[in-house]
Each structure stands twice: as structure tokens, then as C-alpha cells.
Amino acid sequence: MSDLSLTILTETANDAQAVERLHERTFGPGRFVLSAYRLREHVDHLLELSFTARIGTLLVGSVRLLPVCIGDTPALLLGPLTVEPPFRGRGIGRALLVRALGDAKAGGHRLVVLVGDEPYYGRVGFKVIPKGQVDMPGPVDRARLLVCELVPGAFEGVSGMIRPDWRFARDAAR
């Protein structure tokens, strides 16, 4: 970001439409069939742990964290993370990740999971989850299930299905 000033801000309810349009442009309509989106049908992302990246007033990136459980262990699901294509390769995605993970850790969270590419996310501490330890409903490439321990050792003994954290459910009837 040599000549442009990047600002990372906590997402607000007023950002919802702009962020959704960003997701639409970068991921297309196929995003709704992905397993991570299936989890998002029941539980909203946490605004206090979701962030936008702006250059001036232009929204150029976004990252969200959603409350989930792995078995009975509380965790966060990272995603989607996206940056407008013309602004990729400038460190915006990494800045969003660093902010989201830092604030999650400061907020007492211990684990973050995602479906993504280990070479990219490994730069901020994500590792491939050993085969068979954790699963996710729906079609997902289990080799792309990654975890980041915000507290050393937090993933020891954790196993099971990733599911929405029902304490945050939109509909209490489930």
C-alpha cells in the first residue's frame, strides 16, 4: 500500500449491503452451496470480530468470523475473506486476517477454523487439521480444513463435527 492509505474498521450493520455486493462480485452465486455458507444460514457473523478494509471511502475488502463449535468446543469460523481483484497482492487480505485474529484472541477466543489454502493462510498461523479429527457437513475438501490456535495447545483433544454455535442462533426454535 505504497501511496494509498488503508483503513481497517470494525464492520457495522450499515456495511451489510456493501459487503454482500463485494461477496457477489468476488465469489458469484455459487457461494451459497458451499459448506461454510450452510453454517451461516443459522448464525450471524460477529460484528465485533468482522472487519472491512477501505481506501478512502471505497470498500476494498472484508473478513468475517462466525461462532461455531467443533464437537462441543467453541470456536470461530473465518470467512469469507475477500479483497476486490484490482487491490489483491497489496497486503489487504493479510491486514484483515491479522486484525481479525488479534481481536479474537484479545476477546478470549481460542480457536479459529476455515476452509482454505494452507500456503496462503499458513502465513498467519493456520495448519491443516489431521484427517479424521474434524469434519464439516456438506461437500468440503477435508484437506483444506485448517485451524489456528489463538492459545497454544487449544486444539489438543478437540474433535468432531463443525456446527453452528446454537447460543448465537437467529431462531431459538432451531
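Here the structure is shown first, and the text comes after it.
Undergrad: What is the right way to look at the overall build of the chain in this model?
TA: Counting secondary structure elements, the chain contains four helices and nine strands. A buried classification covers 44% of the 174 residues belonging to the chain. Here the contacts in the chain between residues at least 6 apart in sequence split such that 69% fall between residues at least 24 apart. For the chain, the accessible area works out to roughly 9000 Å², and carbon and sulfur atoms hold 55% of it.

Undergrad: What exactly am I supposed to notice about the pairing of strand β8 (residues 145-149) here?
TA: Across a regular strand the side chains alternate sides, sitting on one face of the sheet and then on the other. Taken across its five residues, β8 has four buried, putting it largely inside the fold. Taken together, the five bridges between strand β5 (residues 111-115) and β8 define a ladder with antiparallel strand orientation. The partner of valine 112 across the bridge, within β8, is cysteine 148. Pairing of strand β6 (residues 127-128) with β8, which is carried by two bridges, proceeds in the antiparallel orientation. Directly across from valine 128, in β8, lies its bridge partner leucine 146.

How each quantity is defined
Residues numbered from 1 in each chain as written. Predicted model: local features only at pLDDT ≥ 70, side-chain atom pairs only at ≥ 80, totals over all residues. Heavy atoms only, no water. Helix = DSSP H or I, 4+ residues; strand = E, 2+ residues; numbered from the N terminus. Buried < 20%, exposed > 50% of the residue type's maximum accessible area, 1.4 Å probe, protein only. Contact = heavy atoms within 4.5 Å. Areas by Shrake-Rupley, 256 points an atom, 1.4 Å probe, with all protein chains shown as cover. Pairing = 2+ DSSP bridges.

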